[in-house]
Amino acid sequence: MAESSPLSEEARRALRRASTATLTTQLLARGLRNTFLHGVLPLNPLQENMVGEAFTLRYIPAREDLDVLSVFQDYDHPQRRAVESVQPGQVLVIDARGKQRAASLGHILGTRLLHRGCTGVVTDGSVRDSAGFSTLDLPTFAASPSANTNLIQHHAVDMQLPIACGEVAVYPGDVMVGDRDGVVCIPRHLVDDVAAAAAEQERLEEFVLSKVDSGAPLRGTYPPDEATRAEYQRWVASRES
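What comes next is a walk through the structure. Everything numeric here is computed off the predicted structure, so don't read it as measured data. Per chain, the residues get numbers from 1 upward, laid out in the order the sequence is written. The model is predicted, so local features are restricted to residues of pLDDT at least 70 and side-chain atom pairs to those at 80 or more, both for listing and for counting; the totals for chains, interfaces and linings are taken over all residues. Only hydrogens and water are removed before side-chain values are computed, so all heavy atoms of the structure are retained for them.

**A closer look at the pairing of strand S5 (residues 120-123)**
A 1.4 Å probe rolled over the protein chains alone gives each residue an accessible area, and that area as a share of the maximum for its type sets the label: buried under 20%, exposed over 50%, partly exposed in between. Segments assigned H or I by DSSP are reported as helices when at least four residues long, segments assigned E as strands when at least two residues long, and all are numbered from the N terminus. By the alternation rule, side chains of S5 split into Gly120 and Val122 and Val121 and Thr123, which are all buried. Only when DSSP finds a minimum of two bridges between them are two strands counted as paired. Strand direction decides the pairing type here: strand S3 (residues 90-95) and S5, joined by four bridges, are parallel. Pairing of Val93 across the sheet is with Val122, part of S5. Bridging between S5 and strand S7 (residues 140-142) involves two bridges; their strand directions are parallel. Bridged to Val122 within S7 is Phe141.

**Side note on the sheet that holds strand S6 (residues 126-127)**
Taking strand neighbours across the sheet as the criterion, the three strands line up as S4-S6-S8 in an open arrangement whose pairing is parallel. Each end of this open sheet is capped by a strand with a single partner; those strands are strand S4 (103-105) and strand S8 (144-145). Of the strand pairs in this sheet, S4 and S6 are connected by two bridges, and their pairing is parallel. Bridging across to S6, Ala103 finds its partner in Ser126.

**A look at the pattern of salt bridges**
By definition here, a salt bridge exists when the distance from a side-chain nitrogen of Lys or Arg to a carboxyl oxygen of Asp or Glu is within 4 Å. In total, this model carries 13 salt bridges according to the counting rule given. A salt bridge links Arg203 to Glu200; the nearest nitrogen and oxygen atoms lie 2.9 Å apart. Here the residue Arg203 and the residue Glu200 both occupy positions in helix H6 (residues 191-213), the gap between them amounting to three residues, near one helical turn. Between Glu231 and Lys211 there is a salt bridge, and its shortest N-O distance comes to 3.2 Å. Taken together, the positions of Glu231 in helix H7 (residues 226-240) and Lys211 in helix H6 put the pair 20 residues apart, joining distant regions of the chain.

**Here we look at helix H4 (residues 107-115)**
Among all positions in H4, only Leu109, Gly110 and Leu113 are buried. Projected down its long axis, H4 carries its buried residues within an arc of 105°, all on one side. Counted as exposed and oriented over 90 degrees from the buried face of H4: Ile108 and His115. Here, residues are in contact when the closest pair of their heavy atoms is within 4.5 Å. Looking at the buried residues of H4, the elements they touch are helix H3 (78-83), S3, S4, S5 and helix H5 (130-135). Looking one or two places after H4, you find Gly117, whose phi comes out positive at around 90°. Note: the arc covers the axis-to-C-beta directions of the helix.

The following block contains the structure:
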């Protein structure tokens, strides 16, 4: 894929405030139905969203003659090389084929990613040392914990190519956003548009929720009719004045 420009700080700020529910709605409005990663949950729930561009790593099934403990003596092992290649602001996204019997990553490698400026880890497989991840200041999303090293089930084969994660296609540079519900993948060329629309949707829904919480019926309120939208515009103007 062609190299894209860095994610703007304006888009990053908007995505930090937008829920994955809002983002999937905005992506659906643009015709994308398969953007929320299936079965991937937060190990260390966030105070603000994980946001970053995807750095991809792909695993294939392990083979007994190749995936032995001694391969970890090689500093250029593909898994270790990927960790040392992730750039600040990126999210490491691992294609583990949805297999959870062995871990995709452990706490030591997660700690190294944190110090490289990585903004999160996403795998549709497992991580080991989950207690360490639970207190690590690195947003981590996985299907489950597993004590087994990746060599039992996974062979790291390549990086920075298109992968599948949680049954979603992820291309290098796509933007990953994670919250307490899970992770959504936003195609890179749609990010600025989606981020701006999501910010407006979040603001409108804040207003609608306040009315529903005050006892307003759904009819005319959700979705808002013309009168409610006019009231919303006055509410926005009062907050900006």
